[in-house]
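Structure assessment
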Amino acid sequence: MFDLYTAPTTNGMRASIMLEELGLAYRTHRVALGTTIDVKPPELVEANPAGTIPTLIDHRDGVSISQSFAIMQYLCEREGRFSFSDAAPRAAMLEWMSFVMTDIISATHPIFVLGTHLKDTPAHILAHYEARLLRYFEMADARLARNRYLAGQEICVADFALYPTAHFRRPLIERSNSTPHLERWLAEVGDRPGVTRGMAVPADE
Ligand SMILES: N[C@@H](CCC(=O)N[C@@H](CS)C(=O)NCC(=O)O)C(=O)O
């Protein structure tokens with residue numbers, strides 16, 4: 001059994017998608033964001049003193065782990081699925097996982113901050129980050145033109161890592177009309193029951 005401390009954000013959804021796709025049983029604890037550490041659940045703070053979500057406790061193996069990418073990779077390796085051990089597919093998986101967790105997230109995060117907390121920022125700054133994110137989506141699109149999934153012909157942890165961010169940036173993707181292969185991939189990955197369930201965690205209160 002696992003305990004997942006989470007919130008309805010793309011980082012939280014990465015963890016719940018992975019648990020659902022792997023068919024693992026877990027309890028969900030919804031954490032209020034933007035609060036001070038003293039009002040966060042004590043079990044969360046004990047496991048992860050920063051109090052950030054997602055944080056996962058694996059009671060079987062006595063493991064507490066935070067950082068969405070680390071949680072995803074941990075679960076895939078624990079279960080022996082959606083991750084590769086042979087050098088060539090593993091290299092592709094790590095390359096595309098890095099692309100998601102560094103390039104894509106470094107472009108999408110400012111768009112979120114500007115759109116929610118800094119709404120009076122001049123439009124050209126938002127346009128800069130949107131253009132940068134679109135350039136990255138076009139790189140993923142070129143990859144998906146030649147491969148069914150990011151790391152090759154098999155779905156892996158990198159696809160599940162990209163999905164929530166690409167899903168919430170659909171308006172940008174659809175407006176650009178320049179990433180048909182990414183749109184095909186979005187429809188296919190989004191249709192998976194595990195992804196659908198994982199995206200709905202935590203349930204509305
Ligand atoms: N790099 C981390 C980011 C974790 C993170 O910053 N999570 C945010 C929510 S998405 C959080 O818990 N912030 C604390 C707060 O707002 O109280 C990951 O990939 O999991």
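Attention here is on the structure that accompanies the text. (Residues numbered from 1 in each chain as written. Predicted model: local features only at pLDDT ≥ 70, side-chain atom pairs only at ≥ 80, totals over all residues. Heavy atoms only, no water.)

**A short note on the overall build of the protein chain**
Keep this limit in mind: Every helix listed is a DSSP run of H or I at least four residues long, and every strand listed is a run of E at least two residues long, numbered separately from the N terminus. Taken over C-alpha atoms, the radius of gyration is set against a globule rule of 2.2 Å times the number of residues to the power 0.38. The buried label goes to any residue with under 20% of its type's maximum accessible area, the exposed label to any with over 50%, and the partly exposed label to all in between, with areas taken from a 1.4 Å probe on protein chains only. Under the convention used here, a 1.4 Å probe and the Shrake-Rupley method define accessible areas, while residue burial counts only the protein chains that appear.
Across its full length, the protein chain holds 9 helices and 4 strands. Scanning the protein chain from its N terminus toward the C terminus, one meets helices and strands in the order β-α-β-α-β-β-α-α-α-α-α-α-α. For a compact globule of 205 residues, the expected C-alpha radius of gyration is about 17 Å, and the protein chain comes in at 17 Å, within 12% of that figure. Seen through its C-alpha atoms, the protein chain measures out along the principal axes to roughly 50 × 45 × 30 Å. Within the protein chain, the fraction of its 205 residues that count as buried is 46%. Here the protein chain displays about 10100 Å² of accessible surface, and carbon together with sulfur accounts for 54% of that area.

**Details of the packing of aromatic side chains**
Here is the rule we go by: For Phe, Tyr and Trp, where Trp contributes only its six-membered ring, two rings pair if their centres lie within 6.5 Å, and the inter-plane angle classes them as stacked under 30 degrees, edge-to-face over 60, or tilted in between.
The full count for this structure, using the stated rule, is 4 aromatic pairs. Here the aromatic rings of Trp-96 and Phe-99 are separated by 4.9 Å at their centres, their planes lie at 65 degrees, and the arrangement is edge-to-face. Here Phe-99 and Trp-96 lie together in helix 4 (residues 87-116), a separation of 3 residues that amounts to about one turn. Assigned by exposure class, Trp-96 and Phe-99 land together as buried. Measuring from centroid to centroid gives 6.2 Å for Tyr-163 and Trp-185, while their planes differ by 45 degrees, and the two rings are tilted. One end of the pair, Tyr-163, is in helix 6 (residues 157-168); the other, Trp-185, is in helix 8 (residues 180-190), with 22 residues separating them in the sequence. Summarising the burial analysis for this pair, Tyr-163 and Trp-185 share the class buried. Each residue in the set Trp-96, Phe-99 and Tyr-136 is aromatic and connected to the rest through ring pairs, giving one cluster.

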